[in-house]
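Summary of the model geometry
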Amino acid sequence: MRGIGDDAAVVRSRPLCVTSVDTMVQDVHFRLQDGWADAEEVGHRAMAGALSDLAAMGAEAGEAYLALVLPQGFEEERALALVRAAGVLAEACATTILGGDVSSGPALIVSVTAVGWAEHERRLIARDGAQAGDLIGVTGSLG
């Protein structure tokens, strides 16, 4: 395997690859001002969103790729804290951050691509597989 430090990641694959991309945009998905969220919380939440999609389908997590768009004035210390928080959660979920990208832009944008694996399609759980009588858990308001 090859990860951070090369032009592209190289991974060992299994029969099925399950991929999720989650993007969070400042002032749409989170606010940094007013103490609503700090950089660590944003990093954790972004990684959690992508990894939870893999878990919901029953895929075994493997790799993640983290892309950041940093606004002017966003301190390096805060950016590193965000990445560290994402890394802590990734490690706890047996996921390796193998790469990503950093750019500048008008707002903080965090995008995580999580890649998981499965040996056979019948091991995966899709939304269309729900049946009457299944237990469904949700948080927050629906609609």
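Right, let's walk through the structure included here. What you see is a predicted model, and the numbers here were worked out from it, not measured in a lab.

**Structural notes on the packing of helix H1 (residues 39-57) against helix H2 (residues 76-92)**
- Between H1 and H2, the least distance of the axes is 7 Å, while the angle of their chain directions is 40°. Our pair here, H1 against H2, has a crossing hand that is right-handed. On H2, the residues touching Ala39, Glu40, Val42, Gly43, His44, Met47, Ala48 and Leu51 of H1 are Arg78, Ala81, Leu82, Ala85, Ala86, Leu89 and Ala90.
- Looking at the contact of H1 with H2 residue by residue, the classes come out as 11 nonpolar, 2 polar and 2 charged.

**Topic: the nonpolar core**
- Judged by nonpolar contacts, the single largest core of 28 residues is most densely connected at Val42, Met47, Phe74, Leu82, Leu108, Val110 and Val112.
- At the level of elements, strand S1 (16-25), H1, strand S2 (60-71), H2 and strand S4 (109-118) are the ones that each hand at least two residues to this core.
- For this core, the leading source of residues is H1, giving 7 residues.

**A word on a negative patch on the surface**
- Judged by side-chain charge, Asp38, Glu40, Glu41 and Glu77 come together as a negatively charged surface patch.
- Within the secondary structure layout, Asp38 lies in the loop between S1 and H1.

**As for the sheet that holds S1**
- Across the sheet, which stays open at both edges, the 4 strands sit in the order S1-S4-S2-S3 with mixed pairing between neighbours. Unpaired on one side and paired on the other, S1 and strand S3 (96-105) mark the two borders of the sheet. The sheet shows a mean angle of 15° between the axes of neighbouring strands, taken without regard to direction.
- Each of S1, S2, S3 and S4 touches H1; the most contacted strand, S1, lies at about 150° to it.
- Packing against the sheet, H2 makes contact with S2, S3 and S4, and its axis sits at approximately 170° to S2.

**Side note on the side chain of Glu63**
- The residue Glu63 is located in strand S2 in this model.
- One buried charged residue, Glu63, remains without a salt bridge, the closest side chain of opposite sign being Arg14 at 8.2 Å.
- In terms of polar contacts, Glu63 uses its side chain to reach the side chain of Trp117, at 3.2 Å.
- For Glu63, the residues in contact, after removing those within four places along its chain, are Val11, Thr95, Thr96, Leu98, Thr113, Ala114, Val115 and Trp117.

Definitions and cut-offs
- Residues numbered from 1 in each chain as written.
- Predicted model: local features only at pLDDT ≥ 70, side-chain atom pairs only at ≥ 80, totals over all residues.
- Heavy atoms only, no water.
- Axes fitted to C-alpha atoms, helices over the stretch in contact; angles between N-to-C directions.
- Helix = DSSP H or I, 4+ residues; strand = E, 2+ residues; numbered from the N terminus.
- Left-handed = near helix turned anticlockwise from the far one by under 90°.
- Contact = heavy atoms within 4.5 Å.
- Nonpolar A, V, L, I, M, F, W, Y, C, P; charged D, E, K, R; others polar.
- Core = buried A, V, L, I, M, F, W, Y, C linked by side-chain atoms within 4.5 Å.
- Buried < 20%, exposed > 50% of the residue type's maximum accessible area, 1.4 Å probe, protein only.
- Patch = residues over 30% accessible without salt bridge, like charges linked within 9 Å, V, L, I, M, F, W, Y side chains within 5 Å.
- Areas by Shrake-Rupley, 256 points an atom, 1.4 Å probe, with all protein chains shown as cover.
- Salt bridge = Lys/Arg side-chain N within 4 Å of Asp/Glu carboxyl O.
- Lys, Arg positive; Asp, Glu negative; His and termini not counted.
- Charge placed at Lys NZ, Arg CZ, Asp CG, Glu CD.
- Pairing = 2+ DSSP bridges.
- Polar contact = N/O pair within 3.5 Å; in protein donor to acceptor, adjacent residues only side chain to side chain.

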